[in-house]
Each structure stands twice: as structure tokens, then as C-alpha cells.
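A closer look at the structure
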Amino acid sequence: MSFSRLLPLAAALCIAAPATAQPVRPFSLAALKTAQAHGQSVLIDVFAPWCPTCRAQAPTIDALATDPAYAKLLILRLDYDHQTAEKKALGVTRQSTLITYRGTKETGRVLGITDPTQLRTFAATALR
């Protein structure tokens, strides 16, 4: 099949494809402020690679990034070990902290939950 015949088919598939969430992105205060200025829903994952709770949370949080139900949720992963100023600005004192925002309003903050159902329910608080 020629390229000219494939192009319309590819375009149709892109239009028909369901929206998927954005990939998990590295945290920055600038990214948070931009998202908040646009009224976006945000989940901040305070992650440390040595933390067993963080590692238990990661598969569910990463799965949210491909779940169409969470397509409007921006997921930002804060590096607990290297983003000290950012932790302080958010009032974070422990790894495995999760924070949700809808625009500039903080809609929730939890520490250490690993149950996938609870994580999904918590993340959804930013979308309501």
C-alpha cells in the first residue's frame, strides 16, 4: 500500500483513538504553576527510588498515565532526594507523599497509601 493511501487511514485512526493521559513528568514549580494557571488537575508524586512505599505506589501511578479516565490529570514526579527547595515550597516532609490540585486549590494530601483502588480514588479527587 502506498504512503498516500496510508495517510488518510492513519489520520482517521488518530481521530478515533480515545484520549490517553499524559506521561508522568518530572516535577518543577514552573510546570505546577503553569498547570494551576490553566485550571488543570495535577497529581504530585513525591518519589524516592530507595523507598519501598514509593516503589509500591509507582506501578499504579504509572498506569494512571495511560488510563483514559485520567486523561486530564497531569502527573508530576518530585525527586525527594534532589528537589529540596521544591519539597519545602510544597510543605513536604516525607517521601511517598501524594498531593492533588484542581487549579490552585489543593484537593488532597496523603502519605504512604499503596492500595491501587485507594490510589486511583485519591487521584480522582483532582478531577471532580
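Here the structure is a predicted model, which is why all the values come from computation and not from measurement. (Residues numbered from 1 in each chain as written. Predicted model: local features only at pLDDT ≥ 70, side-chain atom pairs only at ≥ 80, totals over all residues. Heavy atoms only, no water.)

**Section: the side chain of Thr-125**
Cut-off, in case you're wondering: What counts as a helix is a DSSP run of H or I of at least four residues, what counts as a strand is a run of E of at least two, and both are numbered from the N terminus. Residues adjacent in sequence count toward polar contacts only when both atoms are side-chain atoms; beyond that, a polar contact is any pair of N or O atoms within 3.5 Å, and within protein one must be able to donate a hydrogen and the other to accept it. Residue contacts are defined here by distance: any two heavy atoms, one from each residue, within 4.5 Å place the two residues in contact.
Assignment of secondary structure puts Thr-125 in the segment after α5 (116-124). Here Thr-100 takes part through its side chain, which lies 3.1 Å from a polar atom of the side chain of Thr-125. Setting aside anything within four residues of it in sequence, one finds Thr-125 in contact with Thr-100, Arg-102 and Thr-107.

**So, the sheet that holds strand β3 (residues 73-79)**
Cut-off, in case you're wondering: Pairing between two strands requires that DSSP report at least two bridges joining them. To obtain an axis, a line is fitted to C-alpha atoms, over the contacting stretch when the element is a helix, and the angle between two such axes runs from 0 to 180 degrees between their N-to-C directions.
Taking strand neighbours across the sheet as the criterion, the five strands line up as β1-β3-β2-β4-β5 in an open arrangement whose pairing is mixed. Every interior strand has two partners, whereas the edge strands, β1 (25-26) and β5 (105-111), have only one. As paired elements, strand β4 (residues 97-102) and β5 share six bridges and run antiparallel to each other. By the bridge assignment, Thr-100 is partnered in β5 with Gly-108. Along the sheet face, helix α3 (residues 52-64) touches β2 (41-47), β3 and β4 and points at about 155 degrees away from the line of β2. Packed onto the sheet, α5 meets β2, β3, β4 and β5 and runs at close to 30 degrees relative to β4.

**Details of the pairing of β4**
Defined as follows: Only protein chains enter the accessibility calculation, which uses a 1.4 Å probe. A residue is then buried if its area is under 20% of the maximum for its type, exposed if over 50%, and partly exposed in between.
With five of six residues buried, β4 lies mostly within the body of the structure. As judged from the five bridges shared by β2 and β4, these two strands associate in the antiparallel manner. Opposite Ser-41, over in β4, you have Arg-102 as the bridge partner. If you look at the hairpin formed by β4 and β5, you'll find two residues sitting between the two strands, and Gly-103 has a positive phi there, around 65 degrees.

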